[in-house]
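Notes for the structure review
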Amino acid sequence: MFTNLKEQPKDKIMALMSQYREDPREGKIDLGVGVYKNPQGVTPVMRAVKAAEKVLWELESTKSYTGLAGDPAFGHALSDLVLADSVPADRLSMAAQPGGTGAIHQAVELIKMASPDATIWLSAPTWPNHPSIIKHLGVNMTEYRYFDNESRAVDFDGMMEDLKGVKAGDAVLLHGCCHNPTGANLTLPQWKEVAALIVEKGATPLIDIAYQGFGDGLEEDAAGVRLIAQTVPEALIAASCSKNFGIYRERTGLLVGISDNAQQAGITQQNLTHLNRQNFSFPPDHGARLVTMILEDEGLKADWMAELEEVRTGMLKLREQLAGELRARTGSDRFGFIADHRGMFSRLGATPEQVEALRVDHGIYMVGDSRMNIAGLNEETVPILAEAIVKVGV
Ligand code: LMR
């Protein structure tokens, strides 16, 4: 039987991770996978997470199953962080997921069940696992213009032009904040226009929010999602705690459904629960429990927010520094977009050959489309990167 198996395409980001690990060079710089690193190159366990784990170790009295949709307290705490009071609670349904990826997978399955002929519209470019999951689940997809390679900003006119082709029953995948891989984001007035178009077309937004708190702040980063939530009758929101709680390996995420009314929300809830049961039964609980404890405890929450803010402002400083170093070396402001972008990533705009030269000649690893993880830098490595960018001729 296994002889029928064909080799699967390699995930570019995962392949780059192994390539970096195998590189024996000292001073190599990893700007690949989207994992936060502090200036010492460590991905720390956040203080509030450690504190919650201590309490949990003392108090947890059972490892028995929670609910199929996870602990409802987790759903309420995380959906509140994302949506605040933008939607009445009785229109919400939710199910805990193994990470943001699990939430996306389940959302696509739900779309397939509800609207088998749906096309899912993806930004060009998007996180490579989006099209990969959609293809795996056999759902139609197409792209809308998003990034202008010249200005390295959102091509909003192109986006709106393309989204005019959306049909009723389709889904439009949007990045809630900190667009991956480009770092270029919609303004609030642009979110408003997108929301109006989606309503006009009778489509359903699927919002991937994996970096809340990494861009302009916890509230600011959720503003677009909340605006959509207030405007549309139906939406799906895939939220991840991997990055903003730094609990990558705990696989902690949530899929939230917004339905038109309470009765429909009940049916959506049943379907989300059913999908969990079919795919993995009970979702992982450890990370979800830590997040709930942090969000429900004033002291822990304040400490988590303070540390997240340090992470966010640290990345902003690195952006400013890199844009400044490049300004000094090129005598132009053509890399100013790096300071304007938000979140963990910026798409540099280098050719595949230049990305390869950065890796081979300078030991600098970024994804082939020239996505760089800003959090992989520190004050000392920023000038090294700037020098290399100029040397390879970007
Ligand atoms: C990334 O984009 O690098 C992260 O979201 C990690 C992943 O799973 O690809």
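None of the values given here were measured: they were computed from a predicted structure.

**Considerations on the overall build of the protein**
Across its full length, the protein carries 14 helices and 13 strands. For 394 residues, the compact-globule estimate of 2.2 N^0.38 gives 21 Å, and the protein sits close to it at 21 Å. For the protein, the spread of C-alpha atoms along the principal axes amounts to about 60 × 55 × 55 Å. Residue burial in the protein is summarised as follows: out of 394 residues, 46% are buried. Across the protein, contacts joining residues at least 24 apart in sequence account for 76% of those joining residues at least 6 apart.

**Thoughts on the packing of helix α11 (residues 298-330) against helix α14 (residues 381-391)**
Contact geometry of α11 with α14 gives a least axis separation of 9 Å together with a crossing angle of 40°. Looking at the two axes, α11 sits oblique to α14. Crossing of α11 against α14: the hand is right-handed. In this structure, α11 contributes L318, Q321, L322, E325, L326, R329 and T330 to the contact, and α14 contributes V382, P383, L385, A386, I389 and V390. Counted by class, the contact of α11 with α14 contains nine nonpolar, two polar and two charged residues.

**So, the packing of helix α2 (residues 47-59) against helix α10 (residues 286-296)**
Their axes nearest at 9 Å, the elements α2 and α10 cross at an angle of 105°. Between α2 and α10, the crossing angle belongs to the class labelled roughly perpendicular. Where α2 approaches α10, its residues A48, V49, A52, E53, V55 and L56 are matched on the opposing element by R289, L290, M293 and I294. In terms of residue class, the contact of α2 with α10 is made up of eight nonpolar, no polar and two charged.

**Structural notes on the site of the ligand**
Around the ligand, a shell composed of I13, V33, G34, W127, N129 and N180 is seen. Each residue belonging to the shell around the ligand can be placed in one class, and the counts come to three nonpolar, three polar and no charged. Each of domain 1 (11-45 + 312-391) and domain 2 (65-296) accounts for three or more of the residues forming the shell around the ligand.

**Structural notes on the domain arrangement of the protein**
Taken domain by domain, the protein consists of domain 1 (11-45 + 312-391) and domain 2 (65-296). With centres defined by C-alpha atoms, the gap from domain 1 to domain 2 works out at 27 Å. At the level of secondary structure, the elements contributing two or more residues to the side of domain 1 that touches domain 2 comprise α1 (12-22), α11 and β11 (345-347). Its residues placed into classes, the side of domain 1 that touches domain 2 shows ten nonpolar, six polar and seven charged.

**Remarks on helix α13 (residues 352-362)**
Three or more residues of α13 are buried, namely V355, L358 and R359. In an axial view of α13, the angular spread of the buried residues amounts to 90°, which keeps them on one side of the axis. For α13, exposure combined with an orientation more than 90 degrees from the buried face picks out E353, V360 and D361. For α13, the secondary structure elements touched by its buried residues are β12 (364-365) and α14. Immediately beyond the C-terminal end of α13, within one or two residues, lies G363, with a positive phi of roughly 65°.

**A short note on the pairing of strand β3 (residues 119-124)**
Within β3, five of the six residues are buried, which leaves it mostly tucked inside the rest of the structure. Pairing of β3 with strand β4 (residues 140-145), which is carried by six bridges, proceeds in the parallel orientation. If you follow L122 over to β4, its bridge partner there is E143. At this point the chain moves from β3, through helix α5 (residues 129-136), to the parallel β4, and the crossover so formed is right-handed. Note that β3 and strand β7 (residues 171-175) share two bridges and pair parallel. Residue pairing in the sheet places W121 in a bridge with V172 of β7.

**Some thoughts on unusual backbone geometry**
Along the chain, A124 connects to P125 via a cis peptide bond; the corresponding omega equals 5°. Secondary-structure assignment places P125 in the loop between β3 and α5. Phi at A84 is positive, roughly 50°, even though this residue is not glycine. You can see A84 is positioned in the loop between α3 (72-83) and β2 (92-97). For A84, a count of 14 C-beta atoms within 10 Å puts it in the partly exposed group. A positive phi angle, near 55°, is found at R152, a position not held by glycine.

**What about the pairing of β7?**
Taking burial as the measure, the five residues of β7 include five buried ones, the bulk of the element. With burial as the criterion, each face of β7 is covered, one bearing A171, L173 and H175 and the other bearing V172 and L174. Pairing of β7 with strand β8 (residues 204-209), which is carried by five bridges, proceeds in the parallel orientation. By the bridge assignment for β8, L174 is matched with I207.

Thresholds applied
Residues numbered from 1 in each chain as written. Predicted model: local features only at pLDDT ≥ 70, side-chain atom pairs only at ≥ 80, totals over all residues. Helix = DSSP H or I, 4+ residues; strand = E, 2+ residues; numbered from the N terminus. Rg over C-alpha atoms; globule rule 2.2 N^0.38 Å. Buried ≥ 20, exposed ≤ 12 C-beta atoms within 10 Å, placed from the backbone. Contact = placed C-beta atoms within 7 Å. Axes fitted to C-alpha atoms, helices over the stretch in contact; angles between N-to-C directions. Parallel < 35°, antiparallel > 145°, perpendicular 65-115°, else oblique. Left-handed = near helix turned anticlockwise from the far one by under 90°. Nonpolar A, V, L, I, M, F, W, Y, C, P; charged D, E, K, R; others polar. Near = placed C-beta within 6 Å. Domains from an automatic or database assignment. Arc of directions from axis to C-beta. Pairing = 2+ DSSP bridges. Right-handed = clockwise from strand over helix to strand, strands pointing away.

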